[in-house]
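The primary structure of each chain is shown beneath.
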Amino acid sequence: MAKPTLGIIGGGQLGSLLAEAAKKIEVNTVVFSDDPNSPAKNFTDKFIYSKYNDLENIDKFEKVVDFITFEFENIPFETLNTINQKKPVLPNPKINKIIQNRYSEKNFLKKLNIKTTNYELIKSEKDIEFNKKLLPGLLKTCTLGYDGKGQYKINKIDNLSNLNIKFNVKFILEKLINLKKEISVIVTRFGKNKYEIYEPIENLHEHQILKKSKIPADISKEHIEKSKKWTIKIAENLDYIGTMCVEFFIDKKDELYVNEIAPRVHNSGHLTINSHNISQFENHVRAVCKLEQKKTKKLYNAEMINLLGNEINNYRGKILKKNQFFYDYLKKEIKEKRKMGHVTIIE
Ligand code: ADP
Ligand code: MG
């Protein structure tokens with residue numbers, strides 16, 4: 001049988017790692033991205049550079065692929081929807097529409113009776129004053145934030161004027177959680193009640209950017225069970241196909257909250273490339289290309305460290321130990337705090 005071809009919209013490191021996983025199981029890839037310097041260009045079989053609203057290029061892309069997915073949740077909904085009408089995009093773009101917006105994402109969780117931080121929609125400074133009970137809190141743009149971008153910490157109303165916030169976009173204000181730990185749970189759903197779920201991963205953030213992830217997470221049995229149960233509930237209710245991730249907070253009183261949902265493969269799951277027989281990327285490719293679902297098993301405990309900015313230079317050309325695995329995203333430019341690569345250590 002001819003190799004199937006998977007189209008990936010978006011060309012960042014997640015696209016690269018998806019393309020690598022696809023290659024391993026004999027699936028060709030075509031990356032479609034609006035950045036001519038996409039890192040995924042180095043890893044995919046074919047690369048199409050195009051604006052996301054260019055209908056002619058969308059046509060070209062759709063014609064050369066058998067299956068379509070995306071690697072980045074902030075791809076314009078219109079693009080995903082246009083493509084979806086020609087050939088199904090998995091996971092379904094309507095899922096993205098819910099999750100792209102922090103307010104509708106939180107409302108969705110509330111409807112499922114899943115605990116999240118307290119939050120309110122904020123359109124003006126007055127709305128913040130009106131919701132003083134949420135301070136100290138984090139003000140987050142409803143859309144387009146990642147790695148802590150578009151977030152402001154507000155301790156007191158008095159601080160507000162110093163922050164110079166422009167209310168030309170909508171925000172949510174979220175009560176600050178007294179964090180004990182952050183964890184994430186990754187699941188790949190193949191169909192109704194058919195999924196492979198990974199054990200919770202413990203995450204350490206610095207300046208709102210993920211720095212380290214490890215398994216096993218040092219958390220109670222109860223938190224392991226509850227976080228997995230909620231993740232499955234979310235995936236089932238979204239009728240999700242492919243790999244997704246749920247980020248959780250555990251506070252100092254041991255309460256569990258869902259922080260956010262990522263409708264895609266996730267940075268905390270990079271360690272699954274080395275720790276498991278099947279990585280989050282391979283499982284995603286299997287699910288969206290309708291390939292066989294295989295039992296996913298842990299082989300090793302592991303820790304992953306993100307290499308931000310110049311830290312990448314400490315690993316380029318370095319001789320590694322047998323249990324260390326280095327991934328260079330081959331980004332053209334080193335920028336401070338930019339995710340440039342990662343290293344995973346297995347034990
Ligand atoms: P992003 O989309 O940028 O990942 P998140 O909402 O996940 O945004 O926030 C990034 C990080 O900031 C979280 O992983 C956590 O460390 C911190 N953070 C976010 N919201 C809260 C909160 N309500 N209370 C405490 N810490 C928070
Ligand atoms: Mg996050």
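The sections below set out a description of the structure shown in this document. Small disclaimer: the values here were computed from a predicted structure and weren't measured.

**So, the pattern of salt bridges**
- This structure, assessed with the given rule, holds 17 salt bridges.
- The salt bridge partner of Lys 106 is Glu 174, with a shortest N-O separation of 3.2 Å. Pair noted here: Lys 106 is in helix H5 (residues 102-111) and Glu 174 is in strand S8 (residues 171-175), with a separation of 68 residues, a long-range link.
- Residues joined in a network through salt bridges with shared partners are Lys 24, Glu 282 and Arg 286.

**Considering the coordination of the magnesium ion (ligand 2)**
- For the magnesium ion (ligand 2), the protein coordination sphere consists of Glu 247 (OE) and Glu 260 (OE), at 2.0 to 2.3 Å. Of the two residues, Glu 247 sits in strand S13 (residues 242-251) while Glu 260 sits in strand S14 (residues 256-262), which places them 13 residues apart along the sequence.

**Here's the deal with unusual backbone geometry**
- Between Leu 135 and Pro 136 the backbone carries a cis peptide bond, its omega angle lying at -5°.
- Along the polypeptide, Pro 136 turns up in the loop between helix H6 (125-130) and strand S6 (137-141).
- That bond from Ile 215 to Pro 216 is cis: its omega, -5°, falls within 30 degrees of zero.
- Structurally, Pro 216 is set in the loop between strand S12 (209-215) and helix H8 (221-238).
- Phi is positive for Asn 164, close to 55°, though the residue is something other than glycine.
- Relative to the assigned elements, Asn 164 resides in the loop between helix H7 (160-163) and S8.
- Judged by relative accessible area, which is 65%, Asn 164 ranks as exposed.
- Of note, the phi angle at Asp 254 is positive, near 70°, even though the residue is not glycine.
- As for its position among the elements, Asp 254 is in the loop between S13 and S14.
- Residue Asp 254 is classed as partly exposed on the basis of its relative accessible area, which comes to 40%.

**Points about the site of ligand 1**
- Close to ligand 1 lie 21 residues, the nearest being Lys 140, Gly 148, Glu 182, Asn 259 and Glu 260.
- Glu 182 has a polar side-chain atom sitting 2.5 Å from an oxygen atom of ligand 1.
- In the environment of ligand 1, an oxygen atom lies 3.2 Å from a nitrogen or oxygen atom belonging to the side chain of Glu 247.
- For ligand 1, the accessible surface in isolation is 540 Å², of which the surrounding protein chains cover 91%.
- Secondary-structure elements contributing two or more residues to the shell around ligand 1 are S6, S8, strand S9 (179-191), S13 and S14.
- In the shell around ligand 1, the residues fall into 6 nonpolar, 7 polar and 8 charged.

**A few points about the sheet that holds strand S5 (residues 119-122)**
- Spatial ordering of the open sheet is given by S5-S8-S6-S7, a layout of 4 strands whose pairing is antiparallel. Each edge of the open sheet carries a strand with a single partner, namely S5 and strand S7 (151-154). Going across the sheet, the axis of each strand differs from the next one's by a mean of 25°, ignoring polarity.
- Where S6 lies against S8, 5 bridges are found, and the strand directions are antiparallel. Opposite Lys 140, over in S8, you have Ile 172 as the bridge partner.
- Most of the contacts of H5 go to S5, to which it runs at about 150°, and overall it touches S5, S6, S7 and S8.

Here is what the cut-offs are and how they apply
- Residues numbered from 1 in each chain as written.
- Chains lettered and ligands numbered in written order.
- Predicted model: local features only at pLDDT ≥ 70, side-chain atom pairs only at ≥ 80, totals over all residues.
- Heavy atoms only, no water.
- Salt bridge = Lys/Arg side-chain N within 4 Å of Asp/Glu carboxyl O.
- Helix = DSSP H or I, 4+ residues; strand = E, 2+ residues; numbered from the N terminus.
- Donors = N, O, S within 2.8 Å, 3.2 Å for Na, K, Ca; no water.
- Buried < 20%, exposed > 50% of the residue type's maximum accessible area, 1.4 Å probe, protein only.
- Near = heavy atom within 4 Å.
- Polar contact = N/O pair within 3.5 Å; in protein donor to acceptor, adjacent residues only side chain to side chain.
- Areas by Shrake-Rupley, 256 points an atom, 1.4 Å probe, with all protein chains shown as cover.
- Nonpolar A, V, L, I, M, F, W, Y, C, P; charged D, E, K, R; others polar.
- Pairing = 2+ DSSP bridges.
- Axes fitted to C-alpha atoms, helices over the stretch in contact; angles between N-to-C directions.
- Contact = heavy atoms within 4.5 Å.

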